[in-house]
Amino acid sequence: MDPALIRRAQTGDVDAFTALVAGRVEAMQRTAMAILGHEADARDAVAESLAAIWRELPRLRDPLAFDAWSTRIVVHACRRRLRGVGRTRVRELTIDVAEAGGTMPSAAGPADDVADRMALERAFERLDADARTILVLHHLDGRGLAEVAAVLRIPVGTAKSRLFAARKALERSLERER
Amino acid sequence: MSEPVELTDGAIRSMLSARADRAERYRFDPLAIVAAAGPRASRYRPDASVIGRVSIAATGIAAALIVAILVGSSLLAKPGVSQAPIGSGPAVSTAGSERPTASPTPTPPAVGIDVLSAAEAGELIRSRSASRPGLLFVVKGRLVAAETVVTHCASGPCGSTLLADAGDGFVVRPVGDVGPGPWSESGPGHLSGTFVLRLSAAVDNHLRIVDFIGVLTTPPNGGPTWFVQDLIDGAAHVDGAYAAVDGWLVRDPPHPCASDPRNPAVVYGCPTNDYLTEDRYQPLQADGSAVGPFASIFLSTGSYDRWARDPAPAGPDGRGVEPRHAIYLLWLTSDGCGPYADCLMPPPRWRIVGRFDPLTDPNGPSGSPSAAVVHTVAELVADPTSFGNGDIEVDGWLVATPPLKCIGSCEADWITDVAFQPWTSDGQTGSTREPDVGIRVQDGAYAAFADRPTGDASGTPEPRYGRYVVRESAGWTCTDGGRTPSPGCLGGPTVRWEVVARLP
C-alpha cells in the first residue's frame, strides 16, 4: 500500500481515495457476502464501509495499517447488519453441480458434494457474527492468525482460541445436518 | 447424501468461496460514496498503542504539561462549576491532541466531574441526601470498618463502613443493584481509592445511607473521565470495572425482532440498538433507515430511554431520538443476552448504570429516579424494568417463611400488596407457596427490615405492613443472589429486588 496515496486521500483527494480502494472493493464484497450470505445486505455493508473509510481516513495514523483498518470497518459493518437484522431469511441456493463437484474434496459424486456444501452452509448460517467473521477472515481471505488478530484488534492467542471455538461451533452445527 | 461431509479446511474454504461468488460485482462510484459519507473526521487521535511508544522524555514532558493543566484547572475551577473532561492518557494532553470533530454539530462543553475530598463528600451527603437521592458523585478517600456503629443488615444488627475523615451522620453500604456490592451486608473493611458513591434517601438507625457503587477506574492522568474511543481501544477493559465516560447517548428506531425465550433482564440489540458515541451521531438517516455509528460502545436496549437526560424524539415521524451528551457511568459486566449473544458465557460488555449530573443543580433531574413516588407491589411486578436503578419506595406487606433446612437459599422473603403467608404447616410438616402478586426480596429482609419481626408458635413470621425502600438488581436465575453465572447456568439473567430500608 502506497503511504503517499493514503496521505493524499487523507487530505481529501478523491482521486487518491478512488485509486486506494478501487482494487479492494471486490475483496470487501466477497468478505461481506461470505459473512452475511445475502447480496443486498453485503452491498449495503460495502457501501457503508466505503463511506466510513472516506469519512474516518483522516484519523488513520499508520498507513501500513490500512488493510487491517479497512477490513475491520467492513467486518463491523457486517456485524451491525447481523445484529440489526434479527430475523431469519429464506434464501434459495444456486446449485451449480459442475462447479461444486470440482471444488469439494469428497469421495462422493458431484450431487453429493453439492448437498454437502449446502449442509455446511446451513450450518454456517447458524453461527453468530463472531464465529462467521473469524472463519471468513482465516479460510476465505487466507489471513494468518497474526493478521486476523490485527483486524479484530485482539491478541494472537485470543484469535487462535476464537478460531478454534468457531470451528468447533461449525462442527456442532453441522452435526445437526446429519 | 451417502457420506457426511468431512469438516476440512478445504471444505470450509470451498463453501465460503461459493458463498462469496454469488454476489454480482459491486459498482464502485467514488463520488456517490463521498457525497453520502458526510463530514470527514478532522484528524486522528493517538490511541493507547501510541502512548506505549512515546519516548521517556516525551512522556516526561507530557506529564509535566498534565500536572500544569490539572493544577491550573483545579485552581481556577470553583466548586460546582462545570469543567472540561480530562482525557485518557498522556498523549491526549500533548500538542495536537485536540479531539476530532467528525460531527456537523459542535460538541457542547461537557459537564465535568469533580473528585470530592472526603470532607466535601460528607458535607454533600448530609445536605443533599434527602433532596437528591440517586445523585452520583466521585470521592477520593478511604473506607474503614466501624464495628461500634450499629446498623441493620440482612442477618441482623451489624457493624458499618464509614468514609474516613468525612464526618459522622452516615454510613456507606455496598449496593446490590449495579455493582459487585454483595447482596447482604458484608462490604469492604478497609479500601482506599477513587470511589463512585450515590446519595440515598434511606436511613438506618438515624444514620443516612450512602451507596457504594464501586471503585472508579481512572485514566493514567487521574481523569477521572474517559472518552468513548478510549474504551473502544480497550482501556479499562477489566471485568467488573467502572468508568466515567464522556459521550453521546443515542439509539436507532425500534425494529421488529423475535422475543428471546430466555427472557433476559438485559438485552442487546432488540428492539433497539443503543450506542454511546464519541461525537454526536444520528443513526436515523434521511430516507428513514438506520445506520449504526462506525465506532461506538454498544449498550443494552433501553439505555437511551433510561439514562438520557431529557430524552426527545427526532426525525420527521419521531421514530428516532435526539442524541444526549453527558458523562455516564459504565460498568463492564458479563451479563445480558441478545439475538447473537451467548447467555452462558457472554463476553464482558460495557453497560450504562448511571449518569453524572451537576452537584449544584438542586432542581435538575438526577442520575437515578427519585424515590419520592410511592409504588404498589403490583406496579413493580407489572413492569420491573421501568424503574431504573436507584431507590424505589413501595407500600406493602413484608413476610418470610421460617428458616428452612436446605442447600443454598434457606427461606423465601416477599413483599406483597395484601397480607400473605408463604408458609403453611400442620405442625408436623409444612410447605411454601408463592403469592399471586409479590416481589421476591433477599433472604433475611424480613428479619432486618420488618417492624417488630415476630413468629407465631410454629415459627411462622407475621406479615408486616410498611413503606419499604427497594432496589432492582440484576442477578442470575441459577445462583443465589450472585452477580455471575455459576458453572452450567442455563437460566440466564433475571431481575431481583433488594430491600434496603424501611421508612418511618
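Residues numbered from 1 in each chain as written. Chains lettered and ligands numbered in written order. Predicted model: local features only at pLDDT ≥ 70, side-chain atom pairs only at ≥ 80, totals over all residues.

## Notes on the overall build of chain A
At step 1: Assigned secondary structure in chain A consists of 10 helices and 0 strands.
At step 2: Across chain A, helices and strands are ordered from the amino to the carboxyl terminus as α-α-α-α-α-α-α-α-α-α.
At step 3: Counting every position in chain A, which comprises 178 residues, the buried fraction comes to 47%. (Helix = DSSP H or I, 4+ residues; strand = E, 2+ residues; numbered from the N terminus. Buried ≥ 20, exposed ≤ 12 C-beta atoms within 10 Å, placed from the backbone.)

## Section: the overall build of chain B
At step 1: For chain B, the helix and strand inventory stands at 9 helices and 23 strands.
At step 2: For chain B, the proportion of its 504 residues judged to be buried stands at 47%.
At step 3: Sequence-distant contacts, at least 24 apart, represent 66% of the contacts inside chain B between residues at least 6 apart. (Contact = placed C-beta atoms within 7 Å.)

## Re helix α5 (residues 118-128) of chain B
At step 1: All of the buried residues in α5 of chain B are A121, G122, L124 and I125 of chain B. Axial view of α5 of chain B: buried residues confined to an arc of 165 degrees, hence all on one face. (Arc of directions from axis to C-beta.)

## Some details on the pairing of strand β7 (residues 207-215) of chain B
All names here are of chain B.
At step 1: With 5 bridges joining them, strand β4 (residues 170-174) and β7 adopt parallel strand pairing. Residue V171 lies in a different strand from β7, and its bridge partner there is I209.
At step 2: Across 4 bridges, strand β5 (residues 191-198) lies against β7 in antiparallel orientation. For V196, the partnering residue across the bridge sits in β7 and is G214.
At step 3: Bridging between strand β6 (residues 203-204) and β7 involves 2 bridges; their strand directions are antiparallel. By the bridge assignment, V203 is partnered in β7 with R208.
At step 4: Where β6 hands over to β7, the hairpin turn is made up of 2 residues, of which N205 adopts a positive phi near 55 degrees. (Pairing = 2+ DSSP bridges.)

## Quick word on unusual backbone geometry
Residues and elements named next belong to chain B.
At step 1: In this structure, D165 takes a positive phi of about 65 degrees despite not being glycine.
At step 2: Along the chain, D165 turns up in the loop between β3 (156-163) and β4.
At step 3: D165 sits in the partly exposed class, given 13 other C-beta atoms within 10 Å.

## Some remarks on helix α3 (residues 25-36) of chain A
An α-helical segment advances 3.6 residues per turn. Residues three or four places apart therefore align on the same side.
Residue and element names in this part refer to chain A.
At step 1: Compared with an ideal rise of 1.5 Å per residue, which puts 12 residues at 16 Å, α3 spans 16 Å between its outermost C-alpha atoms and is within 8% of the ideal.
At step 2: Counting buried positions along α3 gives 9 out of 12 residues, so the element sits mostly inside the fold.
At step 3: Listing the buried residues of α3 in full gives M28, Q29, R30, T31, A32, M33, A34, I35 and L36. (Expected span 1.5 Å × (residues − 1).)

## Observations concerning the confidence of the model for chain B
Residues and elements named next belong to chain B.
At step 1: Here chain B shows a mean pLDDT of 70. Residues at 70 or above account for 65%.
At step 2: For the stretch residues 43-110, pLDDT sits under 50, and the model shows 101 contacts to residues farther than four places along the chain or on other chains.
At step 3: Of the regions scoring below 50 in pLDDT, residues 364-371 engages in 32 contacts with residues more than four places distant in sequence or in other chains.
At step 4: Overall fold confidence (pTM) sits at 0.47, and the ipTM for the predicted complex is 0.86. (pLDDT = per-residue confidence, 0-100.)

## Thoughts on the packing of helix α2 (residues 14-22) of chain A against helix α2 (residues 30-37) of chain B
Packed helices, taken two at a time, are described by the angle their axes make and the gap between the axes.
At step 1: Relative to each other, α2 of chain A and α2 of chain B sit at 110 degrees, their axes nearing to 10 Å. Overall, the two elements α2 of chain A and α2 of chain B adopt an arrangement that is roughly perpendicular. Viewed along their axes, α2 of chain A and α2 of chain B form a crossing whose handedness is right-handed. Of the residues in α2 of chain B, those in contact with V14, F17 and T18 of chain A of α2 of chain A are P30, L31 and V34 of chain B.
At step 2: In terms of residue class, the contact of α2 of chain A with α2 of chain B is built from 5 nonpolar, 1 polar and no charged. (Axes fitted to C-alpha atoms, helices over the stretch in contact; angles between N-to-C directions. Parallel < 35°, antiparallel > 145°, perpendicular 65-115°, else oblique. Left-handed = near helix turned anticlockwise from the far one by under 90°. Nonpolar A, V, L, I, M, F, W, Y, C, P; charged D, E, K, R; others polar.)

## Digging into the environment of A65 of chain A
At step 1: Looking at the secondary structure, you find A65 of chain A in the loop between α4 (39-56) and α5 (66-85).
At step 2: In sequence terms A65 of chain A and V151 of chain A are 86 residues apart; their C-alpha atoms lie 9.2 Å from each other.

## With respect to the nonpolar core
At step 1: Among the nonpolar cores identified, the biggest contains 86 residues, and F137 and V245 of chain B are the most heavily contacted of them.
At step 2: Considering every element that reaches this core, the biggest residue donor is strand β9 (residues 242-251) of chain B, with 7 residues.
At step 3: Both domains that meet at this core, namely domain 2 (115-215) and domain 3 (374-503) of chain B, each give it at least three residues.
At step 4: Beyond its immediate chain neighbours, meaning those up to four positions away, F137 of chain B contacts L116, A121, L124, L197 and L359 of chain B.
At step 5: With 58 residues, the next largest nonpolar core counts L36, A52 and A131 of chain A together with A11 of chain B among its residues. (Core = buried A, V, L, I, M, F, W, Y, C linked by C-beta atoms within 7 Å. Domains from an automatic or database assignment.)

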